[in-house]
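Each chain, letter by letter, is given below.
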Amino acid sequence: MKLTHISFITLALTLAACTSIPKSALPPMGAKILCENDAAKISVTHATARVNGCETVSSARFNLTIEPEKDTDPLGEPINNSAWYGFRVDPQGSTPLTVRLTYEHGKHRYHPKISNDGKTWTWLDEAQIEKIDENDVELDLTSDGRPFLVSAQEIFTKEAHDNWTDKIAARANVTKTSIGTSIDGHPIHMLEVQTEPEKEKPYVVWVGRQHPPEVTGALALIPFTETILEDTPLANRFLDHFNLLIIPMMNPDGVTAGHWRFNKGGTDLNRDWGPFLQPETRAVGNAFKRFESGEDRIVFFLDFHSTWRNLLYTQTDEEPTTPPMFARDWLKAVDDRLDDEIYPFTREPRKNSGKPISKNYMYEKFGISSITYEVGDATPRDAIDLSASVFAEEMMSLLLKHETGQ
Ligand SMILES: [Zn+2]
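Residues numbered from 1 in each chain as written. Predicted model: local features only at pLDDT ≥ 70, side-chain atom pairs only at ≥ 80, totals over all residues.

A tally of regular secondary structure across the protein chain gives ten helices and 19 strands. Computed over its C-alpha atoms, the radius of gyration of the protein chain comes to 24 Å, within 12% of the 22 Å expected for a compact globule of 406 residues. A total of 406 residues make up the protein chain; the buried ones form 41% of that total. A fraction of 74% describes how many contacts in the protein chain between residues 6 or more apart in sequence connect residues 24 or more apart. (Helix = DSSP H or I, 4+ residues; strand = E, 2+ residues; numbered from the N terminus. Rg over C-alpha atoms; globule rule 2.2 N^0.38 Å. Buried ≥ 20, exposed ≤ 12 C-beta atoms within 10 Å, placed from the backbone. Contact = placed C-beta atoms within 7 Å.)

Once that is clear, we can look at unusual backbone geometry. For the peptide bond that leads from threonine 322 to proline 323, omega is -5 degrees, which places it in the cis range. For proline 323, the position within the fold is in the loop between strand S17 (311–314) and helix H8 (326–337). In this structure, threonine 48 takes a positive phi of about 80 degrees despite not being glycine. As for its position among the elements, threonine 48 is in the loop between strand S2 (40–43) and strand S3 (53–58).

To continue, consider the packing of helix H4 (residues 233–241) against helix H10 (residues 381–404). Interhelical geometry of H4 versus H10 gives an angle of 45 degrees and a closest axis separation of 10 Å. Between H4 and H10, the interaxial angle falls into the category oblique. Judged by the sense of rotation from one axis to the other, the crossing of H4 with H10 is left-handed. Of the residues in H10, those touching H4 at Leu234, Ala235, Arg237, Phe238 and His241 are Glu393, Met396, Ser397, Leu400, Glu403 and Thr404. (Axes fitted to C-alpha atoms, helices over the stretch in contact; angles between N-to-C directions. Parallel < 35°, antiparallel > 145°, perpendicular 65-115°, else oblique. Left-handed = near helix turned anticlockwise from the far one by under 90°.)

Of all nine residues in helix H9 (residues 358–366), seven are buried; the element is thus mostly enclosed. All of the buried residues along H9 are Ser358, Lys359, Asn360, Tyr361, Met362, Tyr363 and Phe366. On the buried face of H9, the contacting elements are strand S14 (203–208), helix H7 (289–292), strand S16 (298–307), S17 and strand S19 (369–376).

Contact pair H8 / H10: the axes reach a minimum separation of 9 Å and the direction vectors enclose 130 degrees. By the angle between their directions, the pair H8 and H10 is classed as oblique. As H8 runs across H10, the sense of the crossing is right-handed. Contacts between H8 and H10 involve Phe326, Asp329, Trp330, Ala333, Val334 and Arg337 on the former and, on the latter, Val390, Phe391, Glu394, Met395 and Leu398. Here the residues of the contact of H8 with H10 are counted per class, giving eight nonpolar, no polar and three charged. (Nonpolar A, V, L, I, M, F, W, Y, C, P; charged D, E, K, R; others polar.)

Now for the confidence of the model for the protein chain. Scored by pLDDT, the protein chain comes out at a mean of 93, with 94% of its residues at no less than 70. In the model, residues 1–19 has pLDDT below 50 throughout and makes one contact with residues more than four positions away in sequence or in other chains. (pLDDT = per-residue confidence, 0-100.)

It is worth spelling out the sheet that holds strand S9 (residues 129–133) at this point. The five strands are arranged S3-S4-S6-S10-S9 in an open sheet whose pairing can be described as mixed. With partners counted over all chains shown, the strands left at the sheet margins are S3 and S9, one partner each. Direction aside, the axes of adjacent strands within the sheet are offset by 20 degrees on average. One ladder, built from five bridges, connects strand S6 (residues 98–103) with strand S10 (residues 136–140); its direction is antiparallel. Note that in S10 the partner of leucine 101 across the bridge is valine 137. (Pairing = 2+ DSSP bridges.)

By size, the foremost hydrophobic cluster in this structure holds 91 residues, and its most contacted members are Phe87 and Ala220. Three or more residues apiece are contributed to this core by two domains, here domain 1 (23–151) and domain 2 (158–404). Apart from the residues within four sequence positions on either side, alanine 220 is in contact with Phe304, Tyr373, Val375, Ile384 and Ala388. (Core = buried A, V, L, I, M, F, W, Y, C linked by C-beta atoms within 7 Å. Domains from an automatic or database assignment.)

Next up on the list: the environment of glutamate 200. As for its placement among the helices and strands, glutamate 200 is situated in the loop between strand S13 (187–193) and S14. Residues glutamate 200 and arginine 297, spaced 97 residues apart in sequence, show a C-alpha to C-alpha distance of 8.9 Å.

Topologically, arginine 237 is positioned in helix H4. Judged by C-beta crowding, with 15 C-beta atoms within 10 Å, arginine 237 ranks as partly exposed. For the pair arginine 237 and methionine 396, spaced 159 residues apart in sequence, the C-alpha to C-alpha distance is 8.9 Å.

In structure tokens form, the structure reads like this:
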């Protein structure tokens with residue numbers, strides 16, 4: 001075949017493109033640049049981004065300061081060490097780049113994740129991370145020249161939560177309501193699942209994302225929920241006997257602002273169950289009034305979080321619950337099925353400390369088994385998926401056994 005003049009140009013352009021910077025999947029960088037040098041520009045304008053200061057040290061180095069939204073809670077307790085960070089790098093070519101993170105009021109906790117499109121994430125290679133001391137870590141962010149995001153965990157925005165909630169709400173038997181709004185005016189969504197609304201059925205309830213950086217807990221809530229909405233004999237039988245209430249995202253403002261812990265009111269929402277001084281927690285407290293009035297019956301409560309490893313905070317066996325010994329039997333059944341190599345977890349019975357956290361509030365109010373489902377920060381994401389569906393299946397089986405005798 002004879003190449004035409006145009007083909008030559010196309011070929012030349014293709015070859016040129018192969019040797020230059022690959023095309024970026026990220027939108028163009030906004031005008032607001034935090035700092036820049038010969039190697040790169042850094043910005044923090046996307047949702048969940050967090051960097052509090054940037055110093056250009058040389059043509060190839062930056063020092064970034066990372067601080068929490070506030071250094072104490074309203075009672076003066078030091079902020080939880082959930083040192084969230086997030087920024088965007090637009091390299092000016094493919095020159096070497098070193099970025100030092102210096103934490104104030106916290107220590108390095110989250111392994112950096114990198115994304116060229118905001119959807120797929122890779123863990124920065126260990127060899128590119130140098131821990132200087134507890135408060136300082138240096139990252140080698142030399143790249144192929146494409147813009148990229150660096151984030152403490154995968155970015156899971158308020159919008160992504162909303163999209164998932166809408167997807168679930170589009171199914172038969174699911175209704176979505178807004179039970180209130182956050183300080184910034186974002187709705188707090190609740191999903192209600194009833195296959196026969198005219199029939200009285202007890203409710204199983206779960207909530208999530210009170211604490212902004214706790215992405216792995218949010219990643220567990222999704223397969224947990226979807227397992228119960230799947231068209232399987234177990235799930236169908238379960239929904240013949242139970243209704244669901246799900247509040248997947250309690251702290252949209254904190255997530256969007258890249259907070260370490262609090263809502264926009266400077267409060268740890270999981271220390272506000274009972275006082276209900278914040279609009280987000282108050283909305284949930286009001287939504288649960290139906291269980292106080294006796295209008296509806298609640299039988300089980302879960303709250304999804306993240307911490308250093310996989311664990312579940314439960315009542316102790318000495319604290320009576322209805323159904324009895326539910327936590328013990330549920331977690332035993334899950335443990336029998338899950339491979340310790342894939343998803344090791346522990347049950348951590350904790351007597352009611354009197355603190356206004358969801359677990360204590362729901363137990364005291366309703367006498368039910370009320371459990372904090374904590375997923376490790378670094379737990380492999382496929383293990384989170386797999387285990388969440390096992391937790392969901394065993395919860396369904398055991399609740400059915402108590403409710404129907406089989
Ligand atoms: Zn938490």
